[in-house]
Amino acid sequence: MSETILLPLRNYRPWAEAVADATATVESGDVTALLLHVFDGDELSSTRENIDSSGSMTVDDLAARKSGIVAARETLQDAGVSVEVRGLEQAETTADSILTVADEAGVERLYLYGRKRSPTGKAVFGSTLQRILLNATVPVTVVPSNVTG
């Protein structure tokens, strides 16, 4: 039976590579990595304007073109991990969007990137990461910012 893991990724290649590298190191066997890009604000319309003037691409297709998703897909596929890509237009907070996808897809684990914080910010994670850590119903692995892809 195949397990599904979720990697919500931003469009920043080094972060995506770091999460994918860490995931590839930990995961083995029959696992499918669901790579998620949550389009926030006007990002979906600007992405569509830049790469899909005909409007024929799905949100998943647009997500698959994001550099962070491309980098993570290459890393995971090279490690023998099956990959699916999903794009989602943000209808709620980014954290809630990620948690909704995790629940709907029945994922077993989440892998996230933890950005470096200022001394004050170290007391509290970023709001998205914190909300996911506090509300996820599955184990969450946070890849620290000192790990590079």
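None of these values were measured; they are calculated from a predicted model.

What counts as what
Residues numbered from 1 in each chain as written. Predicted model: local features only at pLDDT ≥ 70, side-chain atom pairs only at ≥ 80, totals over all residues. Heavy atoms only, no water. Axes fitted to C-alpha atoms, helices over the stretch in contact; angles between N-to-C directions. Helix = DSSP H or I, 4+ residues; strand = E, 2+ residues; numbered from the N terminus. Left-handed = near helix turned anticlockwise from the far one by under 90°. Contact = heavy atoms within 4.5 Å. Nonpolar A, V, L, I, M, F, W, Y, C, P; charged D, E, K, R; others polar. Buried < 20%, exposed > 50% of the residue type's maximum accessible area, 1.4 Å probe, protein only. Polar contact = N/O pair within 3.5 Å; in protein donor to acceptor, adjacent residues only side chain to side chain. Core = buried A, V, L, I, M, F, W, Y, C linked by side-chain atoms within 4.5 Å. Salt bridge = Lys/Arg side-chain N within 4 Å of Asp/Glu carboxyl O. Pairing = 2+ DSSP bridges. Phe/Tyr/Trp six-rings, centres within 6.5 Å; stacked < 30°, edge-to-face > 60°.

Asks: Pulling in residues and values, what's your account of the packing of helix H5 (residues 94-105) against helix H6 (residues 127-135)?
Replies: Following both chains from N to C, one finds H5 and H6 inclined at 35°, their axes separated by 8 Å at the closest point. Both H5 and H6 take part in a crossing whose hand is right-handed. Counting all contacts with H5, which are made through Thr 94, Ala 95, Asp 96, Ile 98 and Leu 99, the residues of H6 involved are Thr 128, Arg 131, Ile 132 and Asn 135. Here the contact of H5 with H6 is composed, by residue class, of 4 nonpolar, 3 polar and 2 charged.

Asks: Summarise the side chain of His 37; cite the residues concerned and give the values.
Replies: Its place among the elements puts His 37 in strand S2 (residues 31-39). Owing to a relative accessible area of 0%, His 37 belongs among the buried residues under this scheme. Among the polar contacts made by the side chain of His 37, one reaches the side chain of Glu 43 at a distance of 2.8 Å. Ignoring anything within four residues of it in the chain, the contact list for His 37 reads Leu 9, Arg 10, Asn 11, Glu 43, Ala 63, Lys 66, Ile 69, Arg 86, Gly 87 and Leu 88.

Asks: Give me the nonpolar core: which residues, what numbers.
Replies: Considering soluble globular proteins, one finds that nonpolar side chains tend to be buried as a cluster. In this structure, Leu 7, Leu 9, Val 19, Ala 33, Leu 35 and Leu 76 are the most contacted members of the largest nonpolar core, which totals 24 residues. Looking at this core, the elements that each hand over two or more residues are strand S1 (3-8), helix H1 (13-26), S2, helix H3 (59-64), helix H4 (67-78), strand S3 (82-89) and strand S4 (109-114). Apart from the residues lying within four places of it in its own chain, the contact partners of Leu 9 are Ala 16, Val 19, Leu 35, Leu 36, His 37, Gly 68, Ile 69 and Ala 72. Grouped together as the second largest cluster of nonpolar side chains are 15 residues, Val 38, Ala 95, Val 107 and Ile 132 included.

Asks: Break down the pattern of salt bridges for me, citing the residues and quoting the values.
Replies: It is possible for side chains bearing opposite charge to pair when their charged atoms get close. By the definition in use, this model includes 9 salt bridges. Asp 40 is paired through a salt bridge with Arg 10; the nearest N and O atoms lie 3.6 Å apart. In this pair, Asp 40 sits in the loop between S2 and helix H2 (43-51) while Arg 10 sits in the loop between S1 and H1, placing the two residues 30 residues apart along the sequence. According to the relative accessible area criterion, Asp 40 is partly exposed, its value standing at 28%.

Asks: Got a sec to walk through the sheet that holds strand S5 (residues 140-144)? Specific residues and values, please.
Replies: With respect to topology, 5 strands assemble into an open sheet ordered S3-S2-S1-S4-S5, the strand pairing being parallel. Looking at which strands have only one partner, the edges of the open sheet turn out to be S3 and S5. Between one strand axis and the next, the sheet turns by 25° as a mean value, whatever way the strands run. As judged from the 2 bridges shared by S1 and S4, these two strands associate in the parallel manner. Residue pairing across strands places Ile 5 opposite Arg 109, the latter belonging to S4. Across the sheet, H2 is in contact with S2 and S3; its angle to S2 comes to roughly 100°. Sitting on the sheet, H5 touches S1, S2, S3 and S4, and the angle it makes with S2 is about 150°.

Asks: Can you tell me about the packing of aromatic side chains, naming the residues and giving the values?
Replies: Between two aromatic rings, the relevant description is the distance of the centres plus the angle of the planes. Counting across every chain of the model gives 2 aromatic pairs. Cluster of aromatic residues (ring-pair linked, three or more members): Tyr 12, Trp 15 and Tyr 113.

Read these as spatial facts, not as claims about activity.
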